[in-house]
Amino acid sequence: KPSAPSNPPALELVPPRRPITIHDLMRHTSGLTQHLWGSGAVKSAYVAALSPLMDLTNEEFAVQLAKLPLLYQPGTTWEYGFSTEVLGRVVEVVSGQPLSQFVAARLLRPLSMRDTGFWVSDPVRQGRIAEPFRAERLILPKLEISDPRRAPRFESAGGGMVSTAMDYARFLQMLLNRGEFGGHRYLSPATVDYMVSNHLDGGMASGPSFTPGPGYGFGLGFAVRREGGIASAIGSPGEYYWGGVAGTYFWVDPKHDLFVVLMMQSPRMRDAYRPLLRSLVYAAILR
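Sequence order as written defines residue numbering, which begins from 1 separately in each chain. Given that the model is predicted, a residue must reach a pLDDT of at least 70 before its local features are reported, and side-chain atom pairs must reach 80 or more before they are shown or counted; all residues, however, enter totals for whole chains, interfaces and linings. As a convention, hydrogens and water are excluded, and side-chain values are obtained from all of the structure's heavy atoms.

**Quick word on the sheet that holds strand 7 (residues 240–243)**
Part 1 of the argument: If DSSP finds at least two bridges between two strands, the strands pair. Secondary structure elements are taken from DSSP: a helix is a run of H or I of four residues or more, a strand is a run of E of two residues or more, and numbering for both begins at the N terminus. Judged by pairing direction, the sheet is antiparallel, and its five strands sit side by side in the order 5-6-7-8-9 without closing on themselves. With one partner strand each, in any of the chains shown, strand 5 (216–218) and strand 9 (258–262) form the two edges of the open sheet. The sheet shows a mean angle of 20 degrees between the axes of neighbouring strands, direction not considered.
Part 2 of the argument: The contact criterion used throughout is that any non-hydrogen atoms of two residues lie within 4.5 Å. Helix axes use the C-alpha atoms of the stretch in contact, all axes being lines fitted to C-alpha atoms, and the angles between their N-to-C directions lie in the range 0 to 180 degrees. Contacting strand 7, strand 8 (249–253) and strand 9, helix 7 (residues 165–176) crosses the sheet at an angle of about 150 degrees to strand 9.

And the structure:
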């Protein structure tokens, strides 16, 4: 006789002990998670509420997210989630502009990043889109790489933009220059130094899937290398990096005055090629 289906465990909602801060959002200690991988009652709640993300505006997304439980108390645990998307909505509220307009006016146009945005509207530029192989279109069983030819309603600050290697190189050179590029200053040197410092103290847990990896902490938007060793890939203390789920990847190494950008569209091979690229780059440095 088949057993009766079991009901999912009810969520025990515990009020946050303190509010989520902008600092929490920037270093991923907000307690917010995401719905793309992992299991548990909180993850299931995110799946049920947020699966059709591309059909939501940033405002609608933030309203839906505010109804969901946190996975951790704010300020206690690093967890990669929707913190950056919430920051995008904060920018919209503070500036009074859609995120795409604000980013274009304050960063993309001044940096001459002409091929960067939330979608590719120009038919001529659409012909330059690097398409993943058919077998590489799925990031997860139910998540496909989005079509950059279509204007999205959801302008995701955490992973919704398209760019070129040369455009992104301009952005990384600005960071390597500690906030300056082409005679224009975007950030003060002190601000960049603060961003690329470790912001996880010894009392914080790293969570079950600490993406930065051993030997790394986390700054304001970047994984930050703390040790010369410990990590499984070569690098320098003080370098910082991040990558996209479809394969894109960058790192900046102030010690060696270099940055590297990899515009790869291969979710399946990203974990193989990223450390290989690091090994090739550092093997060529003789000073």
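**Structural notes on helix 7**
Part 1 of the argument: One less than the number of residues in a helix, times 1.5 Å, gives the span that helix is expected to have. Its 12 residues place the ends of helix 7 16 Å apart at the C-alpha level, agreeing with the 16 Å of an ideal helix rising 1.5 Å per residue.
Part 2 of the argument: Throughout, exposure labels follow a simple rule: accessible area from a 1.4 Å probe, protein chains only, divided by the maximum for the residue type, with under 20% read as buried, over 50% as exposed, and the rest as partly exposed. Residues Asp167, Ala169, Phe171, Leu172, Met174, Leu175 and Leu176 constitute the buried set of helix 7.
Part 3 of the argument: For helix 7, the elements touching its buried residues are helix 5 (99–108), strand 3 (180–181), helix 8 (189–195), strand 7, strand 8 and strand 9.
Part 4 of the argument: Within two residues after helix 7, Arg178 carries a phi angle of roughly 60 degrees, on the positive side.

**A closer look at the pattern of salt bridges**
Part 1 of the argument: By definition, a salt bridge exists where a carboxyl oxygen of Asp or Glu is found within 4 Å of a side-chain nitrogen of Lys or Arg. Inspection of every chain in the model, using the stated rule, returns 15 salt bridges.
Part 2 of the argument: Residues Arg18 and Asp24 are paired through a salt bridge, measuring 2.7 Å at the closest nitrogen-oxygen approach.
Part 3 of the argument: One salt bridge connects Arg278 with Glu239, and the closest N-O pair in it is separated by 2.9 Å. One end of the pair, Arg278, is in helix 9 (residues 270–283); the other, Glu239, is in the loop between strand 6 (223–225) and strand 7, with 39 residues separating them in the sequence.

**A word on the pairing of strand 7**
Part 1 of the argument: Sheet topology places strand 6 next to strand 7; two bridges connect them, and they run antiparallel. Residue Val224 lies in a different strand from strand 7, and its bridge partner there is Tyr240.
Part 2 of the argument: When strand 7 meets strand 8, the two strands line up antiparallel, connected through four bridges. Bridge pairing in strand 8 places Tyr240 opposite Val252.
Part 3 of the argument: Between strand 7 and strand 8, which pair antiparallel one after the other, the connecting turn spans five residues, and Gly247 there sits at a positive phi close to 130 degrees.

**Observations regarding the environment of Arg274**
Part 1 of the argument: Along the chain, the position of Arg274 falls in helix 9.
Part 2 of the argument: For Arg274 and Phe250, which are 24 residues apart along the polypeptide, the C-alpha to C-alpha distance reads 9.1 Å.
Part 3 of the argument: The residues touching Arg274, leaving out its near neighbours within four places in the chain, are Gly243, Gly244, Gly247, Thr248 and Tyr249.

**Comments concerning the side chain of Arg225**
Part 1 of the argument: Note that Arg225 resides in strand 6.
Part 2 of the argument: Note on Arg225: relative accessible area 3%, which makes it buried.
Part 3 of the argument: Two N or O atoms form a polar contact when they lie within 3.5 Å of each other; inside protein one atom must be a possible hydrogen donor and the other a possible acceptor, and for residues adjacent in sequence the pair counts only when both atoms belong to side chains. Reaching out from Arg225, the side chain makes a polar contact with the side chain of Tyr216 at a distance of 3.1 Å.
Part 4 of the argument: Not counting residues up to four positions away in its chain, the partners in contact with Arg225 are Gly215, Tyr216, Ala231, Ala233, Ile234, Gly235, Ser236, Pro237, Gly238, Glu239 and Arg278.

**Here's the deal with helix 2 (residues 41–50)**
Every α-helix carries 3.6 residues per turn, so stepping three or four residues along brings you back to the same face.
Part 1 of the argument: The complete set of buried residues in helix 2 reads Val42, Lys43, Ala45, Tyr46 and Leu50. Taken down its axis, helix 2 places every buried residue within 155 degrees of arc, on the same side.
Part 2 of the argument: Looking at the buried positions of helix 2, the neighbouring elements they touch are helix 3 (58–66). Taken from the helix axis, the directions to the C-beta atoms give the arc we talk about.

**A look at the packing of aromatic side chains**
Part 1 of the argument: Pairing of aromatic side chains requires ring centres within 6.5 Å, counting the rings of Phe and Tyr and the six-membered ring of Trp. Pairs whose planes differ by under 30 degrees are stacked, by over 60 edge-to-face, and all others tilted. Taken as a whole, this structure holds 16 aromatic pairs when the rule is applied.
Part 2 of the argument: Members of the aromatic cluster, joined through ring pairs, are Trp78, Tyr80, Phe210, Tyr216, Phe218, Tyr241, Trp242, Tyr249, Trp251 and Tyr282.
Part 3 of the argument: Remark: a charge is flagged as sitting over a ring if the NZ atom of Lys or the CZ atom of Arg is within 6 Å of the ring centre and within 35 degrees of the ring normal. Its guanidinium or amino end placed over the ring of Trp251, Arg278 lies 4.5 Å from that ring's centre, counting from NZ or CZ.

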